[in-house]
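A closer look at the structure
So the chains spell out like this:
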Amino acid sequence: MQKEILELHNLIKLKNIDKAYVETKKFYKFHNKNQDIVKILAYLHIQKSNFESTIAVLEEYYKEKPEEKDFDYYVNMGIALKSIEEFEESLSMYDRAKEINSESPLCYTVPAEIYLKLRDFNKAIKLINVALEKIEVSLEKNFLHFPNAIKLKTEINVALNKDKESGEMLKKILDERFHPDIFYLLATIDSRLIDNKLLEEAENQLKINDVSFNNKLDRFWYVHPLYFGLAICFQKNDQAKSENYYHLGNKETMNSLRYNSFEYQKNIGEIIDHFKTSTFEIDIESNVGSNNIFILGTPRSGTTLIESIIGSSNDVTSGGELLSGFKLINEFVNNKNIKPDDFKKDFKEKYIGRTNFLRGDYRFIIDKLPENFLFIGYLLKMLPGSKIIRTFRDPWDVAISLYKQRYVTNIPYSASFFNIGVFMSNFEAINIFWSDQIKTISKGILDIRYEDLVKEKDHYQREIYKFLDLKSAFDEEKRKSFFSQTASIRQIGGEVHSRSIEKKEFLDHKNEFYDALIMQRKYWEKRGFIYKSDDFFGYKLG
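Rules behind the numbers
- Residue positions are counted from 1 within each chain, in the order its sequence is given.
- With the structure being a predicted model, the display of local features is reserved for residues of pLDDT at least 70 and the display and counting of side-chain atom pairs for 80 or more, all residues being used for whole-chain, interface and lining totals.
- With hydrogens and water excluded, all non-hydrogen atoms of the structure serve as input to the side-chain values.
- To obtain an axis, a line is fitted to C-alpha atoms, over the contacting stretch when the element is a helix, and the angle between two such axes runs from 0 to 180 degrees between their N-to-C directions.
- Here a strand is any run of E in DSSP of at least two residues, a helix any run of H or I of at least four, and the numbering for each starts at the N terminus.
- Take the far helix as your reference; a near helix turned counterclockwise from it by less than a right angle gives a left-handed crossing, and one turned clockwise gives a right-handed crossing.
- In this description, contact between two residues means that some pair of their heavy atoms is separated by no more than 4.5 Å.
- Any residue outside Ala, Val, Leu, Ile, Met, Phe, Trp, Tyr, Cys, Pro, Asp, Glu, Lys and Arg is labelled polar, Gly included; the first ten of those are nonpolar and the last four are charged.
- Between any two strands, pairing holds if DSSP finds at least two bridges.
- Exposure classes here rest on a 1.4 Å probe applied to the protein chains alone. A residue is buried below 20% of its type maximum, exposed above 50%, and partly exposed in between.
- To estimate how far a helix should extend, the number of its residues minus one is multiplied by 1.5 Å.
- Stacked, edge-to-face and tilted are the three classes for Phe, Tyr and Trp ring pairs, Trp counted by its six-membered ring, which pair at centre distances within 6.5 Å; planes under 30 degrees apart are stacked, over 60 edge-to-face, the rest tilted.
- We call a charge positioned above a ring when the Lys NZ or Arg CZ atom is no farther than 6 Å from the ring centre and deviates by at most 35 degrees from the ring normal.
- The definitions used throughout rest on a 1 Å grid laid over the protein atoms alone, on which a cavity is an enclosed set of points accommodating a 1.4 Å probe that cannot get out and a pocket is an open set flanked by protein within 12 Å on both sides along at least five of seven lines; lining residues are those having an atom within 4 Å of a point.
- Grid points are joined across faces, edges and corners, and a volume is the space filled by probe spheres set on the points.

Okay, the packing of helix 4 (residues 51-62) against helix 5 (residues 71-83) next. Relative to each other, helix 4 and helix 5 sit at 145 degrees, their axes nearing to 9 Å. Crossing angle aside, the handedness with which helix 4 passes helix 5 is left-handed. Between helix 4 and helix 5, the residues in contact are Phe51, Thr54, Ile55, Leu58, Glu59 and Tyr62 and Tyr73, Asn76, Met77, Ala80, Leu81 and Ser83, respectively. Partitioned by chemical class, the residues of the contact of helix 4 with helix 5 number 8 nonpolar, 3 polar and 1 charged.

Here it is as structure tokens:
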């Protein structure tokens, strides 16, 4: 068995995760009592984002051999529990891991993430500083968690209003040794700190031949941050060059990562059909979810701005973009064996429990995951006491903003104007469906257009507070200092303005975007969800 285990380790070392995963699952069927196989499978489940499976595999093995629980067990359980947003349990796992090996940086990075989520910024910065000290001592700067730890520190510094410190730190790292992820981070924080020497170095790095990398994926992760970092650097003084780098970066994404825009269409159709046949009903008298606020819409449609307005209230804290609700409902939709009443009970227990831990003593907690728009009807049925704010923005402005973000894996359609156009049509179809359903489900939803919000912020702030029944006074200075761990992390700190309306970039691709949107509309027209029109939630197409 040692030979097979060695082969699996070699596959992982070569980053051939898919093959290692398939082979490990085969071995696990016959060797699920082998601790090495269990550890490898748990690790690979994490790499594949199968966090519930990680927990199941570890619990199955160690329930019979609790005395064998070691550092690997606690770290893997900790990261899996963090990823399904069982933050309290995750922290306890890292406490145990620290008792075994307090010198490992892994004992501090994930807890720092959790305390950032809990908005305990001082504790988060202490933990990440310890992690970076441990990384420095262990000479692990070449490992993936070094740039990730640096990125996390820059995010905590935003929360502490220490962006200047982040810039100085990144510049110092780059002066010692060039690193593409650090270069990209510095560009996002303050591109003015990138001098001509650094620019030349970044452009020279792009000339490295493919043979310098072990595989195409290694090359992707090296050049991708360079393209986006350079695009940001040239944005103000050379728009054509900037746009070209954005194109090159997004082309890398399209070539390296699989995304099928029509699979998303299929998923939406399944959600609609499933909701129509779901048997559980809403209890309109229930106040379950009365502490929960959802802000949703397309990414880049103003959700973070609204979050900062609501988050300035003393009654509210924000959980940011939580994944629990989305993943739990998505599993229900895709698993026909889950009974509606069982799911309803399980959802309330898990989602309310997890958000209550984050909410603490605050009256309300925000869940700002934009893609919760897919499940509006489910949320209103299961959490009838909750409130939802749905955002809309000019589709072309959304498309440009998406295309300029380095989302990579979490929003893969952003790498192509065609895919963004298809996505926008799918967004339109399911929201038209929900709008029709909402009439009979709930009045707990407020629609806001981004353009109206930035032009009349004070008016809409009052409307939002009235809708949510927020009693505390609005504080603009507190709004400016609000921290949100999203792509808009540094944009919400300034004055609210309308400069992001009617953008004049990537005009050569405008027709490609609208052609895709209109083409995809024809599918939804046949299904009866969209009627032929030039109107998109009040916006003119084209």
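Reading across from one edge, 2-3-1-4-5 is the order of the 5 strands in this open sheet, with parallel pairing throughout. The sheet terminates laterally at strand 2 (316-318) and strand 5 (445-449), the two strands that pair on one side only. On average, each strand axis in the sheet is tilted by 20 degrees relative to the strand beside it, whichever way the strands run. Note that strand 2 and strand 3 (residues 364-367) share 3 bridges and pair parallel. Residue valine 316 lies in a different strand from strand 3, and its bridge partner there is phenylalanine 364. In the packing of helix 18 (residues 340-359) onto the sheet, the strands contacted are strand 1 (292-296), strand 2 and strand 3, and the crossing angle to strand 3 comes to about 115 degrees. Helix 23 (residues 457-468) rests against strand 1, strand 3, strand 4 (387-392) and strand 5 of the sheet, and its axis sits at about 150 degrees to strand 4.

Moving on: the environment of alanine 56. The topology assignment puts alanine 56 in helix 4. The class of alanine 56 is partly exposed, set by a relative accessible area of 42%. Put simply, alanine 56 and methionine 77 are 21 residues apart on the chain and 9.8 Å apart in space, counted from C-alpha to C-alpha.

A few words now on helix 8 (residues 121-138). In this model helix 8 runs 26 Å from its N-terminal to its C-terminal C-alpha over 18 residues, within 8% of the 26 Å that 1.5 Å per residue would give. Residues of helix 8 that are buried include every one of Phe121, Ala124, Ile125, Leu127, Ile128, Ala131, Leu132, Lys134 and Ile135, and no others.

A few words now on the packing of aromatic side chains. If you walk through the whole model with that rule in mind, you get 43 aromatic pairs. Judged by centre distance (4.8 Å) and plane angle (80 degrees), the rings of tyrosine 523 and tryptophan 524 are edge-to-face. Overall, tyrosine 523 belongs to the partly exposed group, its relative accessible area being 30%. For tryptophan 524, a relative accessible area of 0% puts it in the buried group. Considering the side-chain rings of tryptophan 524 and phenylalanine 529, the 5.8 Å spacing of their centres and the 75 degrees angle between planes classify their relative orientation as edge-to-face. The burial state of tryptophan 524 is the same as that of phenylalanine 529; both residues are buried. The positively charged end of lysine 387 is found above the aromatic ring belonging to phenylalanine 467, 4.9 Å away from the centroid. Sitting over the ring of tyrosine 450, arginine 393 keeps its end group 4.5 Å from the ring centre.

Here we take up the layout of surface pockets. One number sums up the size of the second largest pocket: a volume of about 310 Å³. Every residue lining the second largest pocket is counted, 19 residues in all, and those nearest its centre are Arg119, Gly311, Thr317, Tyr362 and Lys478. Those elements giving two or more residues to the lining of the second largest pocket turn out to be strand 2 and helix 18. Taken together, the residues of the lining of the second largest pocket break down into 9 nonpolar, 6 polar and 4 charged.

This paragraph deals with empty space enclosed by the protein. Under the definition given, this model contains 3 cavities of 30 Å³ or more. As for the largest cavity, its lining consists of Leu116, Lys117, Arg119, Glu307, Ser318, Gly319, Gly320, Phe483, Ser484 and Gln485. Partitioning the lining of the largest cavity into residue classes produces 2 nonpolar, 5 polar and 3 charged. When its volume is computed, the second largest cavity comes out at roughly 40 Å³. Around the second largest cavity sit Tyr28, Asn32, Lys33, Glu60, Tyr61 and Glu64, which together line it. Its residues assigned to classes, the lining of the second largest cavity comprises 2 nonpolar, 1 polar and 3 charged.

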